[in-house]
Amino acid sequence: MADANTLQMMERNAEAPSARRFVDVFQKFKFALNLLPKLRYILRDPNAQELTHMLFAPLSLIVEASRDAQGQPKLASSVTSPLLNRDTCILLDTSLRGHEITLWRQLGDSWNIPAQLWKGPNPPPYIPRFTDDSTTTSLAGNQEPRNQEMSQVQNGGPGSEMSASHSSVSIDPKQEEFLRRLRARNAKVCRVIKDRFGSNPKELTVVKGEYVEVLEDTKNWWKVSNIMNTSGFIPNNIVTKV
């Protein structure tokens, strides 16, 4: 016979997910989609295009489960943060097929208009948070009690966005250690101020907030090296000297 804790867990798992949970899941899907074009040159078996299909299969199921009484995906459509980047939209437009692209279009502006063209109010920055039965861990590296696991839903509406603090690579202790090592040998250091993924193998994909060592800076495109000792070229207007 199951004990009280087991019964309580079974009852909790049997409950329908709350609107807050659905929003959290949709945000994580958008976050994952935004990673694909940034990592497309290192993703292999599956590659970035194949991964879009793998993500849209479970996304379709979750959208179906969250539709309103009229069958509309209003909850999913209300999720603006994070917005999809332009390169993510291009990847989806060239990779999705059939019912996948139909679903994507049904999700509306918050999933189809790139962040660079977004005309509405700026959505709050997004930090993914992952929970277990006792704590919540964010990609910023901190832990919170479970009763503080999610940011408050703005305006109290079930389809409202989750608020979160701004995230950047600079808070990563590994980046700070990388910076100390570079300074110790008087290397020329810059900090990335804008995300950019390389459009060819000679270009380096960089993320806002990370530090890079400048290897060559005689032209408009600088050769830099990152914490993984991977080098490539980036435009010099997306970094600032440290």
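Look up a bit, the structure's there.
Residues numbered from 1 in each chain as written. Predicted model: local features only at pLDDT ≥ 70, side-chain atom pairs only at ≥ 80, totals over all residues. Heavy atoms only, no water.

Draft legend 1. Layout of the overall build of the chain. When helices and strands are tallied, the chain shows 8 helices and 8 strands. A total of 242 residues make up the chain; the buried ones form 38% of that total. Contacts in the chain between residues far apart in sequence, at least 24 positions, make up 60% of those at least 6 positions apart. (Helix = DSSP H or I, 4+ residues; strand = E, 2+ residues; numbered from the N terminus. Buried < 20%, exposed > 50% of the residue type's maximum accessible area, 1.4 Å probe, protein only. Contact = heavy atoms within 4.5 Å.)

Draft legend 2. Focus on the sheet that holds strand β7 (residues 231–235). Spatially, β7-β6-β5-β4-β8 is the arrangement adopted by the 5 strands of the open sheet, whose pairing is antiparallel. With one partner strand each, in any of the chains shown, β7 and β8 (239–241) form the two edges of the open sheet. Adjacent strand axes in the sheet meet at a mean angle of 45° when their direction is disregarded. When strand β4 (residues 189–192) meets β8, the two strands line up antiparallel, connected through 3 bridges. Its bridge partner being in β8, Val 192 is matched across the sheet by Val 239. Contacts between helix α8 (residues 173–184) and the sheet are confined to β4, β5 (211–216) and β6 (221–225), with β5 contributing the most and set at about 35° to the helix. (Pairing = 2+ DSSP bridges. Axes fitted to C-alpha atoms, helices over the stretch in contact; angles between N-to-C directions.)

Draft legend 3. Highlighting the environment of Asn 47. Assignment of secondary structure puts Asn 47 in the loop between α2 (19–38) and α3 (48–66). Separated by 11 residues in sequence, Asn 47 and Leu 36 have C-alpha atoms that sit 8.7 Å apart. Polar contacts involving the side chain of Asn 47 include one to the main-chain amide nitrogen of Gln 49, which spans 3.2 Å. (Polar contact = N/O pair within 3.5 Å; in protein donor to acceptor, adjacent residues only side chain to side chain.)

Draft legend 4. Focus on a nonpolar patch on the surface. The grouping of Leu 35, Leu 39, Tyr 41 and Ile 42 at the surface amounts to a nonpolar patch, some 340 Å² of accessible area in total. Topologically, Leu 39 is positioned in the loop between α2 and α3. (Patch = residues over 30% accessible without salt bridge, like charges linked within 9 Å, V, L, I, M, F, W, Y side chains within 5 Å. Areas by Shrake-Rupley, 256 points an atom, 1.4 Å probe, with all protein chains shown as cover. Salt bridge = Lys/Arg side-chain N within 4 Å of Asp/Glu carboxyl O.)

Draft legend 5. Examining the nonpolar core more closely. Ranked by internal contacts, the top residues of the largest apolar core, which has 25 residues, are Phe 26, Leu 33, Leu 36, Phe 56, Trp 104 and Trp 111. Looking at this core, the elements with two or more residues in it are α2, α3, α4 (74–77), α5 (86–95) and α6 (99–106). Counting residues in each nonpolar core, the second largest holds 11 residues, with Val 192, Val 206, Val 224 and Ile 238 among its members. (Core = buried A, V, L, I, M, F, W, Y, C linked by side-chain atoms within 4.5 Å.)

Draft legend 6. Just the environment of Trp 222, in detail. In this fold, Trp 222 is placed in strand β6. Distance from Trp 222 to Asn 236, taken between C-alpha atoms, is 5.9 Å for residues 14 residues apart in sequence. One polar contact links the side chain of Trp 222 to the main-chain carbonyl oxygen of Lys 219, over a distance of 2.9 Å.

None of the figures reported here should be taken as evidence of function without further support.
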